[in-house]
Amino acid sequence: MNILDIRNLSIKLLTSTTPILAVDRVSLAMKEGEVRGLVGESGSGKSLLAQAIVGVLDDKWQVDADRFHWRGIDLMRLSVDERKKVISKDVAMIFQEPMACLDPTTTIGAQLEEAVDDEQLTGYFWQRKQQRKLAAANLLHKVGIKHHEVCTKSYPHQLTEALCQRVMIAMALAKRPILLIADEPTAAMESTNQNQIFRLLASLNQLKNMSILLISHDLENVTHWTNTITVMYSGQFVEAGTTQHIFNKPYHPYTRALVDSSPKANMQIPMKSRLMTLPGSIPILQHLPIGCRLGPRCPKAQKACVQAPKVKNYHGHQVSCHYSLKGSY
Amino acid sequence: MTSLLQVSNLSKSYKLNGFWFNRKSIPALEPLSFDIQAYKTLAIVGETASGKSTLAKLLVGAEKPTTGNIKLNGQMLQHGNFKQRCQHIRMIFQDSGTTLNPSLTIQQLLDEPLRLNTDLTELERNKLIQETLQKVGLLGEHMSFYPHMFSGGQKQRISLARAIILKPQVIILDEALAALDPSLRSQMINLLLDLQQQMGLAYILISHNLGIVRHFSDKMMVLCKGRVLEVGDTQQLLKNPQHKYTKKLIMNQHFKLPNN
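Residues numbered from 1 in each chain as written. Chains lettered and ligands numbered in written order. Predicted model: local features only at pLDDT ≥ 70, side-chain atom pairs only at ≥ 80, totals over all residues. Heavy atoms only, no water.

A. Inspection of the overall build of chain B at higher detail. Along chain B, the regular secondary structure elements total 10 helices and 10 strands. Relative to a compact globule of 260 residues, whose C-alpha radius of gyration would be 18 Å, chain B shows 19 Å and is just as compact. The proportion of buried residues among the 260 residues of chain B is 52%. Side chains of chain B give 30 positive and 19 negative charges; the mean places of these two sets differ by 8 Å. (Helix = DSSP H or I, 4+ residues; strand = E, 2+ residues; numbered from the N terminus. Rg over C-alpha atoms; globule rule 2.2 N^0.38 Å. Buried < 20%, exposed > 50% of the residue type's maximum accessible area, 1.4 Å probe, protein only. Lys, Arg positive; Asp, Glu negative; His and termini not counted. Charge placed at Lys NZ, Arg CZ, Asp CG, Glu CD.)

B. Expanded view of the sheet that holds strand β4 (residues 67-72) of chain B. Taken in spatial order, the 4 strands of this open sheet run β2-β1-β4-β5 (chain B), and their pairing is antiparallel. Both edges of this open sheet fall to β2 (24-36) and β5 (75-76) of chain B, since each of them pairs with a single strand only. (Pairing = 2+ DSSP bridges.)

C. Representation of unusual backbone geometry. Residues and elements named next belong to chain A. One non-glycine residue, E184, lies in the positive phi region at around 45°. Position of E184 among the secondary structure elements: in the loop between β8 (179-183) and α8 (191-208). Judged by relative accessible area, which is 10%, E184 ranks as buried. A positive phi is found at S234, a non-glycine position, where the angle reads about 50°.

D. The arrangement of the pattern of salt bridges in detail. All names here are of chain A. Following the criterion strictly, the structure yields 14 salt bridges over all chains and no others. One salt bridge connects D24 with R25, and the closest N-O pair in it is separated by 3.3 Å. Residue class for D24 comes out buried when judged on its relative accessible area of 10%. Where E184 meets K46, a salt bridge forms, and the shortest distance between an N and an O atom there is 3.5 Å. (Salt bridge = Lys/Arg side-chain N within 4 Å of Asp/Glu carboxyl O.)

E. Inspection of helix α5 (residues 125-142) of chain A at higher detail. Residue and element names in this part refer to chain A. Over its 18 residues, α5 runs 26 Å from end to end, which matches the ideal 26 Å to within 8%, given 1.5 Å per residue. For α5, the full list of buried residues reads A135, A136, A137, L139 and L140. Among the structural elements, α4 (108-115), α6 (148-153) and α7 (161-173) are those in contact with the buried residues of α5. (Expected span 1.5 Å × (residues − 1). Contact = heavy atoms within 4.5 Å.)

F. Up close: the sheet that holds strand β9 (residues 219-224) of chain B. Residues and elements named next belong to chain B. Strand order in the open sheet made by the 6 strands is β6-β7-β8-β3-β9-β10, with mixed pairing throughout. One side of each edge strand has no neighbouring strand; the edge strands of this open sheet are β6 (89-92) and β10 (227-233). Between one strand axis and the next, the sheet turns by 15° as a mean value, whatever way the strands run. Examined bridge by bridge, β6 and strand β7 (residues 170-174) share 4 bridges and lie parallel to one another. When the sheet's bridge partners are listed, M91 is paired in β7 with I172. Helix α6 (residues 152-164) rests against β6 and β7 of the sheet, and its axis sits at about 170° to β6. (Axes fitted to C-alpha atoms, helices over the stretch in contact; angles between N-to-C directions.)

G. Just the confidence of the model for chain B, in detail. In this model, chain B carries an average pLDDT of 83, and 97% of its residues clear a pLDDT of 70 or more. Overall fold confidence for the complex sits at a pTM of 0.81, while the interface term, ipTM, reaches 0.76. (pLDDT = per-residue confidence, 0-100.)

What follows is the structure in structure tokens.
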């Protein structure tokens, strides 16, 4: 069963003149225990989508969806408070730049204890403080920090970035979430640290059957860790399917270009040869092209591309393009 | 063939000021030697605190080396003689957004190195700026724009323009490709490779993305804690790493070369 089922979600930015459609009819479905990658270049609206799922967008943004279900509950019908109750119980989010997200004036231990839910504690009120401490230490053990005494006493600036990210993950785990949304958890990190974080997330997925939505701007980074991938471009849905399909047989010209432009995936091309790439860069919100937003950069664009294409489904591999590359394999 | 840049026995250690017997020195970079030829790229790979950035700083002359010397075309580069060094060795930084002065137009930004290092008249300088902007794939009209009007990829092109405007021989890319989106990154790689062919540049690429290193560089050097672990031809080294640390780096990135 799908725990998260989003169909045709649109996010509008309300301005004084005309509203801007930042995310245009994106669909996303997540099964239980799945690791899904959400890939797109910066400015493609992937963080907005994540924020819309958690429901932390403010009044400037208007969210519409044909279907927006969380484990069978229609979130669009709930009031803000009810929704917050449902989501905060089951969904947790970790952000990029963990150093910036932690409170620099409080110790790690105090911040972790704050995250521990009251419902998990038992006994009389004088026992609670001790229990909270124990829970915080346990959380740190869970994310692979062995010496919790040192860690709880230190401030965020005294820890390395990878450790801070582990603390963030520990905080997210405090509520025992079903879905963890990781918004570029390893941005600006060294490759060894990146791997530690990804391995931790993978083990949490395996041991606790926690679903993970892994957001990244780089396709080649996430391919090793995900089961399925959704690709977005400039706020539009591009392609979704299993990782193998997306990486080996992409149907959309944009995904094809992403795979071709990664030097890691193309080991067979000669050294110092030109890499395949799309001309230009991602359009800014004020000047979005009509129809398929990839149009001006797409090598396969034709007249029909001024109309946004419908999503086609080939055995679970969804693609949104008039001229998909399906026939070329 | 003589080498363009020759580095011998270069090292750097930082002194901690303590009381008399308590003075310590921390070695950031242990003595190393290498040389680069024109049209070639040397990649430097390593984790944080491995001394990659210290090496870059020593090469551009931002820090004074403790021992060793740097020779360019057989000529010794003195520390402090920036006139000589700025012309020939240039550097591009990781975050192009913060390295461009937001209160200057692109013309003023690019004019500065020309005014300080050459005797060209204003007309000649303007012409050179336009030519350089076209070379990196921007337009001459972009001269009167401010940095905030450009996207991330274009900003990186401007820093590249600033680096090549003095017709240098060596360019140091300190993680210059790490913060870019994949499609912009490959555009930038193509541009850098074209410029290398046109101008005979030598690059020193500091990166931790082994995919780019494989594609881009001829030789590579693995640094760990200020020590050189391995130097060699990129293909050979990646195919057949000798040191445990290099193997770990390659494993970490799930990096596999085709067996042929």
